[in-house]
Amino acid sequence: PARGLITLRPDLDSAFDAALCHEAAHVAAFVLHGRTVRPHGAEWASLVAAVGFDPVVRARVPGARRQPGRPIGYRFEHRCPVCQSVRLARRRITTWRCAECVEAGLEGVMDIRPYPTNRAPR
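Residues numbered from 1 in each chain as written. Predicted model: local features only at pLDDT ≥ 70, side-chain atom pairs only at ≥ 80, totals over all residues. Heavy atoms only, no water.

S.K.: I keep staring at the sheet that holds strand β3 (residues 111–114) and nothing clicks. Help me out?
M.R.: The strands making up a sheet associate through hydrogen bonds between their backbones, and the pairing can be parallel or antiparallel. Judged by pairing direction, the sheet is antiparallel, and its three strands sit side by side in the order β2-β1-β3 without closing on themselves. Edge positions in the sheet fall to β2 (86–89) and β3, since each has one partner strand and no second. Averaged over neighbouring strand pairs, the angle between their axes works out to 25 degrees when direction is ignored. The sheet contact formed by strand β1 (residues 76–79) and β2 spans four bridges and is antiparallel. For H78, the partnering residue across the bridge sits in β2 and is R87. (Pairing = 2+ DSSP bridges. Helix = DSSP H or I, 4+ residues; strand = E, 2+ residues; numbered from the N terminus. Axes fitted to C-alpha atoms, helices over the stretch in contact; angles between N-to-C directions.)

Here it is in structure tokens:
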């Protein structure tokens with residue numbers, strides 16, 4: 001979003017308009033609300049809805065397959081070393097903090113470790 005670039009898959013066909021709106025709303029939300037805006041937050045959703053589309057995160061494209069090499073499920077565990085609170089994500093998110101520890105006046109920095117892919121999330 002910071003560069004204002006939009007990249008779409010070539011096989012969208014009937015979903016092209018909705019996908020373009022979805023991605024353009026990411027750029028617009030970034031321009032209007034800055035770097036801290038959530039990717040699919042209320043600001044993004046209101047922009048998508050304002051032009052008449054449903055603010056859906058993932059559209060179904062008939063006949064489309066998952067791209068090979070993309071991760072399935074969670075890949076990283078973010079664990080608070082103090083209270084053992086856990087958050088899971090597909091990528092490392094170094095800005096996450098443990099809310100309970102931050103509220104208690106601590107830093108709340110999370111330890112990030114690979115998450116076993118054969119384990120279901122709790």
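S.K.: Which parts of the structure should I look at to understand the side chain of E77?
M.R.: Here E77 shows up in strand β1. With a relative accessible area of 7%, E77 lands in the buried category. There is a polar contact of 3.2 Å between the side chain of E77 and the side chain of R79. (Buried < 20%, exposed > 50% of the residue type's maximum accessible area, 1.4 Å probe, protein only. Polar contact = N/O pair within 3.5 Å; in protein donor to acceptor, adjacent residues only side chain to side chain.)

S.K.: What's the story with helix α1 (residues 16–33) in this structure? I'm lost.
M.R.: Every α-helical turn comprises 3.6 residues, leaving residues that sit three or four positions apart pointing alike. In a regular helix each residue adds 1.5 Å, so 18 residues correspond to 26 Å; α1 covers 25 Å between its end C-alpha atoms and thus fits that length. Listed as buried for α1 are A19, C21, H22, A25, H26, V27, A29 and F30. For α1, the secondary structure elements touched by its buried residues are α2 (42–50). (Expected span 1.5 Å × (residues − 1). Contact = heavy atoms within 4.5 Å.)

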